[in-house]
Amino acid sequence: MKRTSKFINEFKEFAMRGNIIDLAVGVIIGAAFGKVTTSLINDVIMPPLGKLLGDRDFKDQKVLLQKGIEEIKGPAGNVIHEKVPEIAIRYGLFINTILDFIIVAFVIFLVVKAVNKMKRKQEAAPDVIPEPTKEELLLTEIRDLLKEQQKPV
């Protein structure tokens, strides 16, 4: 029983670390951002591009290598011809995916650039030296007076 509770406590400590929670938040936001990016590509960018290509849906663009054939059944329900899947190079979907990647990479670049800029500003900002207290000022005066007294005249 003690092994189990020790294991559970170790797991709680691991799971509640800041880095793990930050990672989980990042993954969730990343997944949502991926959906937004996919919608931007499929619903905003590609329709005008498809219109330019002659009123075609761009994601359906492909080079057909082998036409697919549906299954053909006879009157008795027996299969006369098996289904043959279509074989095609789907370059429209590939271009959609490339655009998704470029947009996500660009946004990540902008975020990293902004974070680095903020870090540089923090590093460049001089530390504020606090004003000396009354006691420190008094001790400094005493030190200076003692130095003057020790100088040969």
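Residues numbered from 1 in each chain as written. Predicted model: local features only at pLDDT ≥ 70, side-chain atom pairs only at ≥ 80, totals over all residues. Heavy atoms only, no water.

**Q** Explain the side chain of Gln61 here, please?
**A** Summarising the element assignment, Gln61 is placed in the loop between helix H2 (18–52) and strand S1 (63–66). On the basis of relative accessibility, which here comes to 8%, the residue Gln61 falls in the buried class. A polar contact is formed between the side chain of Gln61 and the side chain of Tyr91, at a distance of 3.4 Å. Each residue touching Gln61, except ones within four places of it in the same chain, is listed here: Arg56, Ile89, Arg90, Tyr91 and Gly92. (Helix = DSSP H or I, 4+ residues; strand = E, 2+ residues; numbered from the N terminus. Buried < 20%, exposed > 50% of the residue type's maximum accessible area, 1.4 Å probe, protein only. Polar contact = N/O pair within 3.5 Å; in protein donor to acceptor, adjacent residues only side chain to side chain. Contact = heavy atoms within 4.5 Å.)

**Q** Quick question: what am I supposed to make of helix H3 (residues 91–124) here?
**A** Three- or four-residue spacings in an α-helix give side chains the same orientation, since the helix completes a turn every 3.6 residues. With 34 residues, H3 extends 49 Å between its outermost C-alpha atoms, agreeing within 8% with the 50 Å of an ideal straight helix rising 1.5 Å per residue. Of the positions making up H3, those classed as buried are Gly92, Asn96 and Asp100. (Expected span 1.5 Å × (residues − 1).)

**Q** Before we go on, may I ask you to explain the environment of Ile41 in this structure?
**A** By the secondary structure assignment, Ile41 is in helix H2. Between the alpha carbons of Ile41 and Ile95 there is a distance of 9.8 Å; along the sequence they are 54 residues apart. Discounting residues that sit within four places of it in the chain, Ile41 has contacts with Met46, Pro47, Asn96, Leu99, Asp100 and Ile103.

**Q** What is the right way to look at the side chain of Thr37 in this model?
**A** Counting through the fold element by element, Thr37 comes out in helix H2. Given a relative accessible area of 2%, Thr37 falls into the buried group. Those residues in contact with Thr37, other than ones at most four positions away along the chain, are Asp100, Ile103 and Val104.

**Q** For this particular structure, what's the right way to read the environment of Pro132?
**A** Residue position: Pro132 is located in the loop between H3 and helix H4 (134–150). For Pro132 and Ile95, which are 37 residues apart along the polypeptide, the C-alpha to C-alpha distance reads 65 Å.

**Q** For this particular structure, what's the right way to read a nonpolar patch on the surface?
**A** On the surface, a cluster of nonpolar side chains totalling about 930 Å² of accessible area is made up of Val63, Leu65, Ile87, Ile89, Tyr91, Phe94, Ile95, Ile98, Phe101 and Ile102. Going through the elements one at a time, S1, strand S4 (87–89) and H3 are the ones with two or more residues in the nonpolar patch. The element contributing the most residues to the nonpolar patch is H3, with 6 residues. For Val63, the position within the fold is in strand S1. (Patch = residues over 30% accessible without salt bridge, like charges linked within 9 Å, V, L, I, M, F, W, Y side chains within 5 Å. Areas by Shrake-Rupley, 256 points an atom, 1.4 Å probe, with all protein chains shown as cover. Salt bridge = Lys/Arg side-chain N within 4 Å of Asp/Glu carboxyl O.)

Just geometry here; none of it tells us what the structure is for.
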